[in-house]
Amino acid sequence: MGKPRILLLTHGGWGMSLMEGVRMVIGAVDFVKEVPLRPQVTFQEYLALVREAADAMPDGSLILTDMFGGTTTNAGALVGREKNIRVFSGLNAPLLIEACLGLMEEGSIDFDSVLETGETSVMDVIEKITKSLQEKEVEKNG
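Quick look at the structure, then.

**So, the pattern of salt bridges**
So, point 1. Counted according to the given criterion, the structure contains two salt bridges.
So, point 2. R51 is the salt-bridge partner of E82, the closest N and O atoms lying 2.5 Å from each other. Of this pair, E82 sits in helix α3 (residues 71-83) while R51 is found in helix α2 (residues 43-54), placing the two residues 31 residues apart along the sequence.
So, point 3. Note that D55 and K83 form a salt bridge whose closest N and O atoms lie 2.6 Å from each other. Separated by 28 residues along the polypeptide, D55 in the loop between α2 and β3 (62-65) and K83 in helix α3 bring together distant segments of the chain.
So, point 4. The exposure class of D55 is partly exposed, given its relative accessible area of 45%.
So, point 5. On the basis of relative accessible area, K83 is assigned to the partly exposed category, the value being 31%.

**As for the sheet that holds strand β2 (residues 32-37)**
So, point 1. Across the sheet, which stays open at both edges, the four strands sit in the order β2-β1-β3-β4 with parallel pairing between neighbours. Looking at which strands have only one partner, the edges of the open sheet turn out to be β2 and β4 (86-89). With direction set aside, neighbouring strand axes in the sheet form an average angle of 20°.
So, point 2. In this structure, β3 lies alongside β4, joined through four bridges in parallel fashion. Residue pairing in the sheet places L64 in a bridge with F88 of β4.
So, point 3. Across the sheet, α2 touches β1 (6-11) and β2, and the angle it forms with β2 is around 175°.

**A word on the nonpolar core**
So, point 1. I6, L8, V32, L62, L64, L96 and C100 are the most contacted members of the largest nonpolar core, which has 22 residues in total.
So, point 2. Looking at which element gives the most residues to this core, the answer is helix α4 (residues 93-105), with six residues.
So, point 3. Judged by nonpolar contacts, the second largest core, of 14 residues, contains Y46, V50, I63 and V79.

**Looking at the environment of V87**
So, point 1. Relative to the helices and strands, V87 is located in strand β4.
So, point 2. Along the backbone, V87 and L62 are 25 residues apart, and their C-alpha atoms lie at a distance of 6.0 Å.
So, point 3. Setting aside residues up to four positions removed in sequence, V87 forms contacts with L62, I63, T65, G76, A77 and G80.

**A look at the packing of helix α1 (residues 14-26) against α4**
So, point 1. Where α1 meets α4, the closest approach of the two axes is 10 Å, and the angle between their N-to-C directions is 55°. Viewed along their axes, α1 and α4 adopt a mutual orientation that is oblique. The interaxial crossing formed by α1 with α4 has right-handed handedness. On α4, the residues touching L18, M19, V22, V25 and I26 of α1 are A93, L96, I97, C100, L101 and M104.
So, point 2. Among the residues making up the contact of α1 with α4, the classes are represented as eleven nonpolar, no polar and no charged.

**A few points about the packing of α4 against helix α5 (residues 111-120)**
So, point 1. The geometry of α4 relative to α5 is characterised by a closest axis approach of 8 Å and an angle of 160° between their N-to-C directions. One finds that α4 runs roughly antiparallel with respect to α5. Between α4 and α5 the crossing geometry is right-handed. Of the residues in α5, those in contact with P94, L95, E98 and A99 of α4 are S113, V114, T117 and G118.
So, point 2. Across the contact of α4 with α5, the residue classes break down as four nonpolar, three polar and one charged.

Procedures and definitions
Residues numbered from 1 in each chain as written. Predicted model: local features only at pLDDT ≥ 70, side-chain atom pairs only at ≥ 80, totals over all residues. Heavy atoms only, no water. Salt bridge = Lys/Arg side-chain N within 4 Å of Asp/Glu carboxyl O. Helix = DSSP H or I, 4+ residues; strand = E, 2+ residues; numbered from the N terminus. Buried < 20%, exposed > 50% of the residue type's maximum accessible area, 1.4 Å probe, protein only. Pairing = 2+ DSSP bridges. Axes fitted to C-alpha atoms, helices over the stretch in contact; angles between N-to-C directions. Contact = heavy atoms within 4.5 Å. Core = buried A, V, L, I, M, F, W, Y, C linked by side-chain atoms within 4.5 Å. Parallel < 35°, antiparallel > 145°, perpendicular 65-115°, else oblique. Left-handed = near helix turned anticlockwise from the far one by under 90°. Nonpolar A, V, L, I, M, F, W, Y, C, P; charged D, E, K, R; others polar.

All quantities given are derived from atomic positions and should not be read as evidence of function.
Shown next, in the form of structure tokens:
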């Protein structure tokens, strides 16, 4: 059926805006599609749209959703179970870039690496910078 694909399920369709930023970093990613959840769409209508998009996804594909417990993740979980597609929630740019790079470079998604990237990409920036500067000062002063 071809190369694995990535399906984004997001409230209001912000996934494609995220994709614009990802394209700036890594280039074209024609294997990523989004099914946006719009306010006027019922759960059953959205579920049908997600199923339709997932029908075109070969083995090794991935569904990424914006937030756990939301309609997007609930629909993704149902479809993922039906079609044996992995579903990760907590979509962010580093997570999506990691998944895309795997497909671009290896032709497959390293699911463990994608999860790890998503988990480690959220941080307190000021705390991280301060800690790094303190560690450099300790190294410098021995």
